[in-house]
Amino acid sequence: MSEPSFLPEARAYRLRNARVPGAFLTGGVPAGAILDGDACALIDIVVADGVIAGLLPAGASPDTLPAADLAGRQAWPRLVDAHTHLDKGHTVARTPNPDGDFPGARDATTADRTRHWDAEDLRRRMAYGLACAFAHGTGAIRTHLDSQDSAGEGALRDQAATTWAVFREMRAAWAGRIALQGVGLTPIDAYATAYGRRLADLIAESDGLIGGVTRPTGGLHGGALAEIDALLDRLFRLARERNLDVDLHVDETGDPAAASLDAVARATLRHGYEGRVTCGHCCSLALQPDAQASDTIARVAQAGIRIVTLPTVNMYLQDRQRGRTPRWRGVAPVQELMAAGVPVMVAGDNCRDAFYAYGDHDMLDTFRASVRILHLDHPLAGAPALAGPVPGAMMGLPHAGTIREGAPADLILLPARSLNEVVARPHADRIVVVAGRAIAARRPAYEALSGEAAPW
Ligand SMILES: [Zn+2]
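Given the structure is predicted, the values throughout are model-derived calculations rather than measurements.

Turning our attention to the pattern of salt bridges. The full count for this structure, using the stated rule, is 28 salt bridges. As a salt-bridge pair, Glu120 and Arg124 come within 3.9 Å of each other at their nearest N and O atoms. Linking Glu120 with Arg124, this pair stays in helix H2 (residues 119-136), spanning four residues, or about one helical turn. What makes Arg124 partly exposed here is its relative accessible area of 34%. Glu421 is the salt-bridge partner of Arg417, the closest N and O atoms lying 2.6 Å from each other. If you follow the salt bridges from partner to partner, you end up with Arg94, Asp112, Glu120, Asp121, Arg124 and Arg125 in one network.

By size, the foremost hydrophobic cluster in this structure holds 107 residues, and its most contacted members are Ile45, Trp76, Ile210 and Ile307. Three or more residues apiece are contributed to this core by two domains, here domain 1 (4-77 + 401-438) and domain 2 (79-394). With residues up to four places along the chain from it excluded, the contact list for Ile45 reads Tyr13, Arg14, Leu15, Ala18, Val20, Ile52, Gly54, Leu55 and Ala75. Formed by 11 residues, the second largest nonpolar core is a distinct cluster that contains Val92, Phe102, Val313 and Tyr316.

Bringing the packing of aromatic side chains into the picture now. Inspection of the entire model under this criterion finds nine aromatic pairs. Ring centres of Trp76 and Phe367 lie 5.2 Å apart, and the angle between their planes is 75 degrees; this geometry places the pair in the edge-to-face category. Note that Trp76 is positioned in strand S6 (residues 74-77) and Phe367 in helix H11 (residues 363-374), a separation of 291 residues in sequence. Judged on exposure class, the residue Trp76 and its partner Phe367 are both buried. Note on Tyr316 and Tyr356: the rings are 5.2 Å apart at their centroids and 85 degrees apart in plane angle, and the pair reads as edge-to-face.

What counts and how
Residues numbered from 1 in each chain as written. Predicted model: local features only at pLDDT ≥ 70, side-chain atom pairs only at ≥ 80, totals over all residues. Heavy atoms only, no water. Salt bridge = Lys/Arg side-chain N within 4 Å of Asp/Glu carboxyl O. Helix = DSSP H or I, 4+ residues; strand = E, 2+ residues; numbered from the N terminus. Buried < 20%, exposed > 50% of the residue type's maximum accessible area, 1.4 Å probe, protein only. Core = buried A, V, L, I, M, F, W, Y, C linked by side-chain atoms within 4.5 Å. Domains from an automatic or database assignment. Contact = heavy atoms within 4.5 Å. Phe/Tyr/Trp six-rings, centres within 6.5 Å; stacked < 30°, edge-to-face > 60°.

Dropping the structure here:
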């Protein structure tokens, strides 16, 4: 089934004997469908006019429609990448991080941004990242966009205005292929300045989300950010005045003294912003004393905060010291968060930049790595939710990351029968289906980044 012609050409057709993880069937498992040991249902999917018109137990779909037989192989929805940095991607070759750690990443990024990030550079790299994601089967992406005060960094351009203009252009150009959301990213102290208000206006005009990182300009996560409560109050007031949702980078450090997540939860409750706040990273929560972490997790649940963990990047970045082997994985305590009822998702974060030297905008790869890093297995049944329906709902896209009647027939067909077989292999040979048709797009060659022709 490696050829796009595997699917019938008809306006309406069936995918027979598809095995779909129950976590993706958010409208319910079709009554009578047989489940395997990981709660994957064996079903027939009826597609009509690019939409999922019916989900039935295997063998129950009408014989009158043309069919492709998946013979028990997995059908997934296109996945959702809820936290990325498309503006930073693919800069690692020209501006490497000398040590691979967080301060090196911050400094290399500032150097690269002030020197290179004009509209043409951003356009080329963002389009490349989106092309990779589309070919891999990602249907929705939220990207953070560096939006700090570029005058303070000595850049020659108004960086936020330049970046957001390119983002708006990309969002329009990719509509119908990838749903894009943008978040303004700046050290949080910017919101205490006149620039912060201008940025909030730019975000609102761009239909984006207000964001930030809970560290001071030029500083690091960790220790106490003295004015954190006042800064969060400022941010939440700017958000409320403009009716903007909030998405923050929080406590991306192994220093257990970094406890901004609790401050964010308190601010969310103080401003009545329950259900409208997402926090990424939250690494230090894993290293705090159990009683403190439990307290914070309870408050996060009460505040309706959603948590994004970025396992590949934080395993790369955290606990890195030259000549010393890392002792911890760098990730948030997601199992404890989920047990408390907090919506948790996995996402890709950085891609081939100073914060993470690798990656290919492939959410299936992120999912497979996340299972291993976070122990989301034994059983595997619940794991797919973290890459599909949970981030889809967080982004306010009710169909994204799900397989349900009435949703677009956006699918990934995998040469794997069980969740074990999905996790075991990279699946470069997947078939990506958008609106009922297999896409012809393939991952762009690396040469495309510099406009060269690939040798084959
Ligand atoms: Zn990030």
